[in-house]
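Analysis of the macromolecular model
Residues per chain, in single letters:
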Amino acid sequence: MNTSDSEEDSYNERSALVQCESPTIPSYNQDHDVSLPQQTDTKRRRPVSSGLDEPGPVERERASTPDGEEEELTLKYGAKHVIMLFIPVTLCMVVVVATIKSVSFYTEKSSQRLIYTPFEEDPNSVGQRLLNSFLNTIVMISVIVFMTIILVVLYKYRCYKVIHGWLILSSLMLLFWFSFMYLGEVFKTYNVAMDYPTLVMIIWNFGVVGMICIHWKGPLRLQQAYLIVISALMALIFIKYLPEWSAWVILGAISIYDLIAVLCPKGPLRMLVETAQERNEPIFPALIYSSAMVWMVGMADSSNPGSADGRLRNEGGARAQEEEESEDDVAHGGRRRYSAEEDLEEDRGVKLGLGDFIFYSVLVGKAAATGGDWNTTLACFVAILIGLCLTLLLLAIFKKALPALPISITFGLVFYFSTDNLVRPFMDSLASHQYYI
Amino acid sequence: MTLAVFFGCAFIAFGPAFALFVFTIARDPLRVIILIAGAFFWLLSLLLSSLVWFIAIKASNSQDLTLQKGLLIFGVFFSVLLQEVFRFAYYRLLRKATEGLAAISDDDGSAISVRQMAYVAGLGFGIMSGAFSMINILSDSLGPGTVGIFGDSQYYFITAALMTLALTLLHTFWGVVFFEGCEKSQWWVIAAVVSLHLLFAGLSLLNPLYEGSLPPVYFITLTMGIWAFFSSGGSLHSLSALCTRRKAEGESS
């Protein structure tokens, strides 16, 4: 399946862990970093890596309070935010695994390949297969890097219309075309008879509500649900169309690239985030999953409404800003007396780029697809969650944007290969004799 | 086979663990994290023990069946020992984390006590261990087939579910007792836990002679439950207080 370039472009800024918070004092190195503009073949949003900004502004705002209290707040917030990310990541993986196990379409190998993995994997020769998978990876990663650089350049030169058009086009494709395909395959699997008018109604409503929720305003939960669904759809496409060995090598290479792009000073994602911070703008909608909506009722700085807009960093950014402005209008002066410190006690939440969701789900989905062993899937799932936990811990310590992929994907890959080759025969022998350890 | 067996065995094996999770752990994010980290530690121990077993298998003659069985039994006991080592390692990690949290916060003590962590860690070990034992069997039970067609026992699924339930509960109780023993530096407690775990694994070697394995295992589970109850601060007084309070509440309402 050859998809147009416009689809992949929309996936920039996807993998990153960002803490949504707007600092009252601009400190760019602590605000979110776009971790990795990853360009997936069809629709990958570039991962945005964002750091945990949460403690930063809190510390600055509470210069008078003792350090211990700040740290405790950090840790108290920390556990809650880890869970706020665990749940959507788990849901996305559950959707992908359930689909892989029930709908056989996504595990059937087709002769079609994406143009980004042009080299065919020959199952007969190990060396040739390995070489081809490395070549596929090189092609894929270079496409991603290229797209990311284009996005950064577009952003730097303020071509916002182009970027927004790109994003809208890609979400259109995801929400309409891919979900139509998905629904078709599900109906085929369960032998459900469906007529076209009903189908058009369903897909139309699903798609339009999705576009509105993601790009404009909508209830937070609905927006989160849509982001999870499109990540799952994207992951399923990858699982279907990436060749076997290439997929694993690409996962490894993407984590390395994520690490480089977010942490190196000249990394594209880092530049993207810093530019966004300089201009005090939120990062593009529909590229980042935000776990909570930051609403600051009545910013203390009421004389400067523009700064309030810039402070809101979550992805429902536009919506939150408008709500805040309307709340300010309605609430009159009383609310504006709230101190900034009280406002900052509101739950900020953490942001995770959609690319992270997609690649986690690709890993777990491939573990579920290859072989009928559920232990491998479970092991990869736990490994990814622990990697995410560790990444969030690092985020709390370093307080800057971090790539969310490397640790989780490393753990996931290690556990996949070791469970598949070492643990599986052991557990199978134990189960056949009914020995329990 | 099929759905009835699937649901029956799934609920037998995972019902109590799921209930414990929903009622005591799901609300508190810190406990969920400790649970998943506990599962991760158990997984690590399994990985290492499988590695050792795998190397032993590859280094030995694959045609010699008694040798293979002997190596498997060795693998079982080695895995049990490694699990207890990793339980101790997890205890050390949690202690460090508690100290860190306590040092940071202004008021005395941290958000979670060592006893709660012991329970959650034990449950984490139990859930992961049970899941790894049972999930493949459950997915096989969904499909068609005849159990024991080659002369094996026809009670395979139900006994597997019962053993898994016992295993999950045992891990929870062992976690509580083990951490308590480590806290009070009572090394005999730790030795008792390790030997009981080895006993459990040894009893499972008696399968498919289920009369020899299941009743003793459940007796051990009951004993461990009582031990864990008293070790974590429960007493007969608190039990009776629970009953009388309920009666008093029932009368007043």
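What counts and what doesn't
Residues numbered from 1 in each chain as written. Chains lettered and ligands numbered in written order. Predicted model: local features only at pLDDT ≥ 70, side-chain atom pairs only at ≥ 80, totals over all residues. Heavy atoms only, no water. UniProt positions renumbered as here; feature names shortened; annotations may be inferred. Core = buried A, V, L, I, M, F, W, Y, C linked by side-chain atoms within 4.5 Å. Buried < 20%, exposed > 50% of the residue type's maximum accessible area, 1.4 Å probe, protein only. Helix = DSSP H or I, 4+ residues; strand = E, 2+ residues; numbered from the N terminus. Contact = heavy atoms within 4.5 Å. Salt bridge = Lys/Arg side-chain N within 4 Å of Asp/Glu carboxyl O. Pairing = 2+ DSSP bridges. Expected span 1.5 Å × (residues − 1). Bend = angle between axes of the 7 residues up to and from the residue. Buried area = accessible area lost by both parts, 1.4 Å probe. Polar contact = N/O pair within 3.5 Å; in protein donor to acceptor, adjacent residues only side chain to side chain. Phe/Tyr/Trp six-rings, centres within 6.5 Å; stacked < 30°, edge-to-face > 60°. Lys NZ or Arg CZ within 6 Å of the ring centre and 35° of its normal. Axes fitted to C-alpha atoms, helices over the stretch in contact; angles between N-to-C directions. Parallel < 35°, antiparallel > 145°, perpendicular 65-115°, else oblique. Left-handed = near helix turned anticlockwise from the far one by under 90°. Patch = residues over 30% accessible without salt bridge, like charges linked within 9 Å, V, L, I, M, F, W, Y side chains within 5 Å. Areas by Shrake-Rupley, 256 points an atom, 1.4 Å probe, with all protein chains shown as cover.

- For chain B, an unreviewed UniProt entry supplies the name Gamma-secretase subunit APH-1 and the organism Carassius auratus.
- Per UniProt, chain B has the following entry under Subcellular location (unreviewed entry): "Membrane".

- Chain A is annotated in an unreviewed UniProt entry as Presenilin of Carassius auratus.

**Regarding the nonpolar core**
- Ranked by internal contacts, the top residues of the largest apolar core, which has 183 residues, are Y360 of chain A together with F132 of chain B.
- By residue number, the principal contributor to this core is helix α2 (residues 29–59) of chain B, which donates 15 residues.
- Once residues within four sequence positions are removed from consideration, F132 of chain B is found in contact with N375, L378, A379, T419, V423 and M427 of chain A together with W42, L43 and L46 of chain B.

**Details of the pattern of salt bridges**
- Counted under the stated rule, the structure contains nine salt bridges over all chains.
- The partner of D420 of chain A in a salt bridge is R424 of chain A, and the shortest N-O contact between them spans 3.0 Å. Of the two residues, D420 of chain A and R424 of chain A are both situated in helix α15 (residues 405–433); the distance of four residues between them amounts to about one turn of the helix.
- Judged by its relative accessible area of 16%, D420 of chain A is buried.
- Note that R115 of chain B and E180 of chain B form a salt bridge whose closest N and O atoms lie 3.3 Å from each other.

**Some remarks on the pairing of strand β3 (residues 350–353) of chain A**
Residue and element names in this part refer to chain A.
- Residues V350 and L352 point to one face of β3 and K351 and G353 to the other, with burial holding for every one of them.
- Across three bridges, the pairing between strand β2 (residues 288–290) and β3 is antiparallel. Counted as the bridge partner of I288 is G353 from β3.

**A look at helix α4 (residues 114–141) of chain B**
- The end-to-end C-alpha distance of α4 of chain B is 39 Å, a good match for the 40 Å that 28 residues give at a rise of 1.5 Å each.
- Its maximal kink placed at M134 of chain B, α4 of chain B deviates by approximately 40°.

**Examining the interface of chain A and chain B**
- Taken together, the contact between chain A and chain B spans 41 residues of the former and 51 residues of the latter.
- In this assembly, chain A packs against chain B so that about 3800 Å² is buried in total across both faces, 76% of it on carbon and sulfur atoms.
- Taken together, chain A and chain B are joined by zero salt bridges.
- Scanning the region where chain A abuts chain B turns up eight residue pairs in polar contact (both at pLDDT 80 or more).
- For the side of chain A that touches chain B, the secondary structure elements donating two or more residues are α3 (67–102), α14 (374–398) and α15 of chain A.
- Among the elements that line the side of chain A that touches chain B, the one with the most residues is α15 of chain A, at 15 residues.

**Some details on the side chain of N207 of chain B**
Residue and element names in this part refer to chain B.
- Relative to the assigned elements, N207 resides in the loop between α6 (187–204) and α7 (210–231).
- Residue classification places N207 among the buried positions, given a relative accessible area of 6%.
- Within the structure, the side chain of N207 is placed 2.7 Å from the side chain of S213, a separation counted as a polar contact.

**Quick notes on the packing of aromatic side chains**
Residues and elements named next belong to chain B.
- Scanning the entire structure with this criterion turns up 27 aromatic pairs over all chains.
- Aromatic side chains F88 and F178 sit 6.4 Å apart centroid to centroid with 70° between the ring planes, which places their arrangement in the edge-to-face category. On the criterion of sequence distance, the pair formed by F88 in helix α3 (residues 65–104) and F178 in helix α5 (residues 156–183) is long-range, its members being 90 residues apart.
- Between F229 and F230, the aromatic rings sit 5.4 Å apart at their centres with planes inclined by 70°, giving edge-to-face as the arrangement.
- The class of F229 is partly exposed, set by a relative accessible area of 30%.
- Above the plane of the ring of F178 lies R87, whose end atom (NZ or CZ) is 6.0 Å from the centre.

**Description of the packing of helix α7 (residues 220–241) of chain A against helix α13 (residues 354–369) of chain A**
Residues and elements named next belong to chain A.
- In the contact formed by α7 and α13, the axes pass within 8 Å of each other and the chain directions differ by 50°. Classified by the angle their axes make, α7 and α13 are oblique. The interaxial crossing formed by α7 with α13 has right-handed handedness. Side by side, α7 and α13 meet where L227, I230, S231, M234, A235, F238 and I239 of the first sit next to L354, F357, I358, S361, V362, G365 and K366 of the second.

**Focus: a nonpolar patch on the surface**
Residue and element names in this part refer to chain B.
- A contiguous nonpolar surface patch, about 650 Å² in accessible area, is contributed by L222, I226, F229, F230, L236, L239 and L242.
- Listed by contribution, the elements that provide at least two residues to the nonpolar patch are α7 and α8 (236–252).
- With four residues, α7 is the largest single contributor of residues to the nonpolar patch.

**A look at the UniProt feature "transmembrane region" (unreviewed entry) in chain B**
Residue and element names in this part refer to chain B.
- Following the UniProt record, one finds the feature "transmembrane region" (unreviewed entry) at residues 6–25, 32–55, 67–86, 117–135, 155–179, 186–206 and 218–239.
- Spanning residues 117–135, this segment combines 100% helix with 0% strand, and its end C-alpha atoms are found 26 Å apart.
- Helix makes up 86% of residues 186–206 and strand makes up 0%, while its end C-alpha atoms are separated by 32 Å.

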